[in-house]
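Take a look at the letters that make up each chain.
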Amino acid sequence: MDIATYLNTMRDPAGLPFYPIIFQFLLVLTFALHIVMVNLVVGSTFVAIWEIWKKNKYGLRLSKALGRVLTVSLSIAIVLGVAPLLFVQVIYDPFWYTATTMSAFWALMFLVVITLAFYAAYGFYLGNKKADLTSVKTGWAWVSAGFLMCTALIIHMLSMEQLVPEHWKDWIVSPSGIVSYAGGEFHAIELGRLLHFIIPSFAVTGVFLMLYAAYFHGREDYDEEYLDYVGQKGAWLAFWASALAIGAGFWWLGLVPAEFHFARNPFFLAGAILGFITTAFIGASISKPRQRALPAAGLMFLTIFTMSCAREALRMKHMSLSGYSIYNYPVNPDWPSTILFFATFVMGLFVLYFPAIAAYQAGKVKAGEVATIDPAIGKKAVTAMIAWFVIVAGLGIVVSLKNGVLF
Amino acid sequence: MYPFWEVPFFTSGLVIALIATFHILPCHLATGAFWFNVYVERKAYKQNRPELLEFIKKFSLLILIFCFVIGSLSGVGIWYAATVASPRGISGLIHNYVWGWATEWVFFIIEIAAIYVYYYTIGKIDPKSHLMLGWLYAWAAWISMVIITGILAFMLSAGKWVETGGFFDGFFNETYWPQLFTRTAFMFGIAGVYAAIVASTIKNKKVKDEIIRTAGLWGVVGMLAGVVFAAWYLYKLPPHAKELWLDESLPYLSHLINIAALAYAIVFVWFVICCIVKPKLAGPVSGVIILLVLFMGIGAGEGFREGIRRPYIIDQYMYGNQIVARDIPAKHIKAEIPKFDKEGFLTHLFFKPDKIDPENSRDLLLAGNVIVHHQCGNCHALDRFGKLRPLPELLENLSPESPEDIEGLLESLGDYPYMPPFAGNDLDRKAASEYLFSIVRR
């Protein structure tokens with residue numbers, strides 16, 4: 001049996017419940033959202049450590065603030081990560097499942113390590129919550145940073161293994177015919193690619209600091225000088241990290257097999273051009289980070305999204321070498337459940353407006369004061385949830401009665 | 001078949017069981033606790049009793065740090081563990097229920113937004129809106145249970161799906177509603193235990209006793225309702241599952257049920273005595289003991305649910321060793337056993353020794369090793385000291401005299417109500433028997 005036959009027969013016998021391109025789009029979109037949050041987690045951990053180490057009073061204040069950001073953004077990153085994890089298994093199942101079973105031990109370690117990183121982040125945040133500025137400690141932040149790097153390495157390895165199916169068999173079947181069931185494979189690290197993830201973390205964190213300065217501007221209990229410090233630090237960081245990320249990007253490009261002609265891929269080209277524009281724009285914003293924060297964030301996300309598309313294009317090139325394409329995956333369209341998802345998704349955006357606006361307004365009033373939110377917003381959000389349940393439960397009762405399974 | 005992952009001694013199945021049991025506590029708490037939270041918060045505003053808010057703060061932080069973090073990570077953990085233990089099983093679920101999971105994901109996002117904003121805006125936004133955030137979380141979390149229960153129930157009883165292949169036909173199957181109601185009732189029980197433990201650390205004695213009593217009441221009501229729904233659930237089990245349990249084909253199933261029932265009774269008595277009658281007794285120590293009891297009870301209950309599914313991992317559709325058991329015409333799915341019987345199992349494997357000479361005994365053993373791992377390894381440990389039904393021991397009980405005796409066993413394997421038939425041609429069976437015979441001690 002050759003690898004192409006293996007890959008194509010391992011596709012799930014049920015086929016896809018909808019067209020592959022839709023899953024691919026959702027995969028790229030949710031991956032981009034996820035990776036932005038992950039970048040923020042990684043970047044803010046290191047920035048927090050750096051600022052404490054420098055021991056200036058604004059830096060210490062910033063570090064404390066980042067401690068809270070860390071825990072929240074790590075949770076969000078994890079939840080956002082569930083979606084690409086799901087969609088990758090739908091269209092790339094032969095790759096994903098082979099890699100994770102060959103490296104099962106590492107796949108499970110991934111979770112252990114991320115849990116430890118999480119609690120270390122909480123240790124950093126809660127441990128310093130009550131501390132005054134002179135006694136802020138970095139120990140837990142270091143621990144968290146270390147575990148985060150391990151997580152990055154493992155997930156990088158799992159993605160890389162998927163790209164080289166031609167090596168799989170050599171890894172787990174020995175020349176004398178003994179098959180390994182240990183699940184301990186660890187292969188295919190590519191430093192250029194890994195760096196192209198780690199360096200942008202600082203760019204994303206830099207932009208986040210610009211947004212931070214813009215958001216808290218005008219709040220009485222935040223002094224102007226502190227916010228200027230944060231904003232300028234952010235713009236500076238974002239600029240240099242973006243510039244370095246471009247360098248790492250070209251390094252990675254150099255590692256891509258030449259026969260792909262990837263430098264001419266439209267997604268790659270668009271991503272690279274956007275990268276240059278973003279870097280130049282941020283470079284020109286160093287003196288006024290607050291005013292430029294929003295457009296910088298928009299550009300940054302657009303670049304990351306385009307680069308995620310390029311990453312997907314690269315994956316398709318790799319996989320086509322082994323005769324695999326998602327576009328000929330058999331499809332058995334299931335319209336009712338597809339509608340269920342998209343309708344829920346739209347409702348979700350509507351509902352999320354409520355916590356978003358509540359958080360936004362609560363952060364705008366100074367400590368000790370209470371923000372008032374239009375009561376209609378919350379009511380509508382909760383009503384939408386109840387309506388969702390009533391509709392689905394109603395549907396469920398009808399289906400159950402029709403199929404005679406209720407009593 | 002995907003590469004097989006073997007966990008020495010422990011077996012991958014038990015790894016899932018452990019993570020799954022560990023997941024149930026935080027996740028039922030994450031779904032249930034906020035109903036209690038908003039109830040207390042509402043009371044605090046209505047009766048103008050700010051002292052109750054101290055509890056809200058403590059309880060929310062616990063929910064956030066323990067349930068939400070551990071709950072979401074161990075949830076992903078079950079998924080990963082299931083993936084590495086049974087990749088084709090999880091693939092089968094995902095390819096039929098991807099939109100279900102994606103829908104659930106939307107509610108996860110709402111949950112996380114609501115819980116963080118709720119926690120960080122205590123005292124910072126107007127009470128009405130804050131309470132609404134609590135409601136939002138409570139609904140989102142419970143709806144995530146409404147969804148996942150459909151997929152869990154599908155694994156136990158696939159319902160009309162086997163005929164129609166329809167998402168909702170499989171989702172709203174015969175065990176869906178009883179399971180949803182049972183889980184919802186337990187959820188209040190578990191929330192009651194945690195609430196009592198957290199409340200026992202409050203300084204104000206009056207508030208403390210009041211909240212513990214309320215928590216006890218919630219627990220008692222939840223658990224009483226749970227008994228009724230659980231009975232309905234057991235009654236609605238598919239006939240095949242009931243047989244395995246009631247005919248004592250697998251005696252350990254009744255043991256599991258008994259353990260679960262005993263744990264249940266202990267927790268119930270604890271609620272009555274230590275929460276309602278004498279709230280003094282509900283301290284962190286007795287609370288943690290009760291948590292352990294709960295942990296055991298849940299483990300037994302979920303073990304039962306897994307056990308009665310034999311020989312399938314997905315009811316009627318896929319066997320525990322990840323081989324497709326029947327045609328699903330609506331999805332163009334074909335049963336795999338006839339194919340493997342005709343064309344051979346080994347020929348359809350990719351990860352195997354390159355050349356196998358049927359006359360060479362070493363080759364035969366190597367081939368048998370691969371076949372047995374794939375066909376038996378999901379349910380049996382292959383090393384003698386393995387924890388899960390170790391095959392060497394089970395085979396020794398049958399005292400086979402030769403590989404041919406084992407071939408006979410393999411031919412009739414499908415006659416056991418809890419095992420799939422052996423899949424493969426004569427060569428596969430011969431290789432598997434040679435290997436199995438080699439691990440038996442004589």
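Residues numbered from 1 in each chain as written. Chains lettered and ligands numbered in written order. Predicted model: local features only at pLDDT ≥ 70, side-chain atom pairs only at ≥ 80, totals over all residues. Heavy atoms only, no water.

**A word on the overall build of chain B**
Inclusion rule: In DSSP terms, a helix is any run of H or I states spanning at least four residues, a strand is any run of E spanning at least two, and both are numbered starting from the N terminus. Burial classification: accessible surface area is computed with a 1.4 Å probe over protein chains only, and a residue below 20% of its type maximum counts as buried, one above 50% as exposed, and the rest as partly exposed. Note on contacts: a residue pair is in contact if any heavy atoms of the two residues lie within 4.5 Å. Accessible areas in this description were obtained via Shrake-Rupley with a 1.4 Å probe; residue shielding takes into account the shown protein chains only. All tallies of charge rest on Lys and Arg as positive and Asp and Glu as negative; His and the ends of each chain are not included. All charge positions are set by atom: Lys at NZ, Arg at CZ, Asp at CG, Glu at CD.
Within chain B, the regular secondary structure consists of 16 helices and two strands. Reported as C-alpha extents along the three principal axes, the dimensions of chain B are approximately 85 × 40 × 35 Å. Looking at chain B residue by residue over its 442 residues, the buried ones come to 64%. In chain B, 71% of the contacts between residues at least 6 apart in sequence involve partners at least 24 apart. Total accessible area on chain B is roughly 16,300 Å²; 66% of this is exposed by carbon and sulfur atoms. Looking at chain B, you have 38 positive and 38 negative side-chain charges, and the mean spots of the two groups are 15 Å apart.

**Looking at the domain arrangement of chain A**
All names here are of chain A. So the rule is basically this: Note that domain bounds follow an automatic or database assignment of domains. By convention, the term buried area covers the 1.4 Å-probe accessible surface removed from two parts as they join, with the contributions of both added. Salt bridge, as applied in this entry: a Lys or Arg side-chain nitrogen positioned within 4 Å of an Asp or Glu carboxyl oxygen.
When its domains are assigned, chain A resolves into domain 1 (3-333) and domain 2 (341-407). Each partner contributes residues to the interface: domain 1 has eight residues there, and domain 2 has nine residues. Taking both sides of the interface into account, the surface hidden between domain 1 and domain 2 amounts to around 710 Å²; carbon and sulfur atoms contribute 58%. Summed over the three residues of domain 1 that lose the most area to domain 2, namely Leu26, Tyr215 and Arg219, the buried surface amounts to 64% of that side. Viewed at the interface, domain 2 and domain 1 are joined by one salt bridge. Across the pair Lys366 and Glu220 runs a salt bridge whose closest N-O atoms are separated by 3.1 Å.

**Quick word on unusual backbone geometry**
Residues and elements named next belong to chain B. At the junction of Arg310 and Pro311, the peptide bond is cis and its omega measures out at 0° in the coordinates. Following the sequence through the fold, Pro311 ends up in the loop between α11 (284-307) and β1 (312-314). Of note in the backbone geometry, Gln316 takes a positive phi value of approximately 65° without being a glycine. Looking at the element boundaries, Gln316 is found in the loop between β1 and β2 (318-319). Residues other than glycine seldom take positive phi values, yet Arg389 does so here, at roughly 35°. Residue position: Arg389 is located in the loop between α13 (361-376) and α14 (391-397).

**Thoughts on the interface of chain A and chain B**
When the parts of a complex come together, some accessible area is lost, and that lost area is often taken as the interface size. Contact residues are listed per partner, giving 112 residues for chain A and 95 residues for chain B. Of the roughly 8,900 Å² buried at the junction of chain A and chain B (both faces included), carbon and sulfur atoms supply 76%. When the buried surface of chain A facing chain B is broken down by residue, Tyr97, Tyr181 and Met385 of chain A rank first, second and third, together holding 9% of it. Where chain A packs against chain B, one counts two salt bridges. Of the charged contacts, one joins Lys402 of chain A and Asp169 of chain B as a salt bridge, the two residues approaching to 3.8 Å between their closest N and O atoms.

**Looking at a positive patch on the surface**
Applicable threshold: A patch is a set of surface residues, each over 30% in relative accessible area and not in a salt bridge, joined within 9 Å for like charges and within 5 Å for the nonpolar side chains Val, Leu, Ile, Met, Phe, Trp and Tyr.
A surface patch of positive charge is lined by Arg68, Lys129 and Lys130 of chain A together with Lys57 and Lys124 of chain B. Note that Lys124 of chain B resides in the loop between α3 (87-120) and α4 (127-156). Owing to a relative accessible area of 31%, Lys124 of chain B belongs among the partly exposed residues under this scheme.

**Here we look at the nonpolar core**
Heads up, the condition is: Throughout this description, the term nonpolar core refers to a set of buried Ala, Val, Leu, Ile, Met, Phe, Trp, Tyr and Cys residues connected via side-chain atoms within 4.5 Å.
Residues Phe87 and Met385 of chain A together with Phe55 of chain B are the most contacted members of the largest nonpolar core, which totals 283 residues. It is α3 of chain B that provides the largest number of residues to this core, a total of 21 residues. When residues no more than four places from it in sequence are discounted, the contact partners of Phe87 of chain A are Phe23, Leu26, Leu27 and Thr30 of chain A together with Val98, Trp99 and Ala102 of chain B.

**Here we look at the domain arrangement of chain B**
All names here are of chain B. Spelled out, the test is: Three residue categories are used. Nonpolar comprises Ala, Val, Leu, Ile, Met, Phe, Trp, Tyr, Cys and Pro, charged comprises Asp, Glu, Lys and Arg, and polar comprises the others, including Gly.
Per the domain assignment, the segments making up chain B are domain 1 (12-237 + 251-309) and domain 2 (340-441). For domain 1 and domain 2, the distance between their C-alpha centres works out to 41 Å. Between domain 1 and domain 2, a total of about 300 Å² is buried, with carbon and sulfur atoms accounting for 50% of that surface. Viewed at the interface, domain 2 and domain 1 are joined by zero salt bridges. For the side of domain 1 that touches domain 2, a count of residues per class yields three nonpolar, one polar and no charged.

**Focus on the packing of aromatic side chains**
A ring pair, where both rings are aromatic, is described by two values, the distance of the centres and the angle of the planes. In plain terms, the rule: The pairing test for Phe, Tyr and Trp rings, Trp by its six-membered ring, is centres within 6.5 Å, and the orientation test on the planes gives stacked under 30 degrees, edge-to-face over 60, and tilted for anything in between. The criterion is that NZ of a Lys, or CZ of an Arg, lies within 6 Å of the ring centre and within 35 degrees of the ring normal, and then a charge sits over that ring.
Enumeration over the complete set of coordinates arrives at 80 aromatic pairs over all chains. Residues Phe95 of chain A and Trp168 of chain A carry aromatic rings whose centres are separated by 5.9 Å and whose planes lie at 70° to one another, so their mutual orientation is edge-to-face. Of this pair, Phe95 of chain A sits in helix α4 (residues 93-102) while Trp168 of chain A sits in helix α7 (residues 165-172), and the two are 73 residues apart along the sequence. Comparing Phe95 of chain A with Trp168 of chain A, the two get one shared label, buried. A ring pair is formed by Phe172 of chain B and Tyr176 of chain B, whose centres lie 5.1 Å apart and whose planes are at 90°; its orientation type is edge-to-face. A residue is classified by how much of its surface remains accessible, and Phe172 of chain B, at 1% relative accessible area, is buried. A connected cluster of aromatic rings, assembled from ring pairs, spans Tyr97, Phe154, Trp161, Phe167, Phe168, Phe171, Phe172, Tyr176, Trp177 and Tyr317 of chain B. Sitting over the ring of Phe350 of chain B, Lys169 of chain A keeps its end group 5.1 Å from the ring centre.

**Some remarks on the state of the cysteines**
Rules: Disulfide assignment relies on a single distance test, namely cysteine sulfur atoms paired within 2.5 Å.
Evaluated as defined, the whole model comprises zero disulfides over all chains. The thiol of Cys275 of chain B is not disulfide-bonded; the next cysteine sulfur, from Cys274 of chain B, is found 6.5 Å away.

**Some details on the environment of Thr115 of chain A**
Put simply, the test is: Here a polar contact is taken to be a pair of N or O atoms separated by no more than 3.5 Å, where protein atoms must pair a possible hydrogen donor with a possible acceptor and residues adjacent in sequence count only if both atoms sit in side chains.
With respect to the secondary-structure elements, Thr115 of chain A resides in helix α5 (residues 104-129). Since its relative accessible area comes to 19%, Thr115 of chain A is described here as buried. Excluding its chain neighbours within four sequence positions, the residues that come into contact with Thr115 of chain A are Ile70 and Leu73 of chain B. Within polar-contact distance, the side chain of Thr115 of chain A engages the backbone oxygen of Leu111 of chain A at 2.7 Å.

**Side note on helix α15 (residues 403-411) of chain B**
Residues and elements named next belong to chain B. Here is the rule: By arc we mean the arc of the directions from the helix axis to the C-beta atoms, nothing more.
Among all positions of α15, only Pro403, Ile406, Glu407, Leu409 and Leu410 are buried. End-on view of α15: buried residues confined to an arc of 160°, all on one side of the axis. More than 90 degrees from the buried face of α15, the exposed residues found are Glu404 and Glu411.

**Notes on the pattern of salt bridges**
Applying the stated criterion across every chain, the model contains 20 salt bridges over all chains. Among the salt bridges present, the one from Arg219 of chain A reaches Asp221 of chain A, with a minimum N-O distance of 2.9 Å. What emerges from the salt-bridge pattern is a single network uniting Arg183, Glu302, Arg305, Glu306 and Arg309 of chain B.

**Considerations on the side chain of Asn173 of chain B**
Mapped onto the fold, Asn173 of chain B is located in the loop between α6 (167-171) and α7 (176-199). A distance of 2.9 Å separates a polar atom in the side chain of Asn173 of chain B from a polar atom in the side chain of Ser157 of chain B. Excluding residues within four positions of it along the chain, Asn173 of chain B makes contact with Val405 of chain A together with Gly150, Ala153, Phe154, Ser157, Ala158 and Gly159 of chain B.

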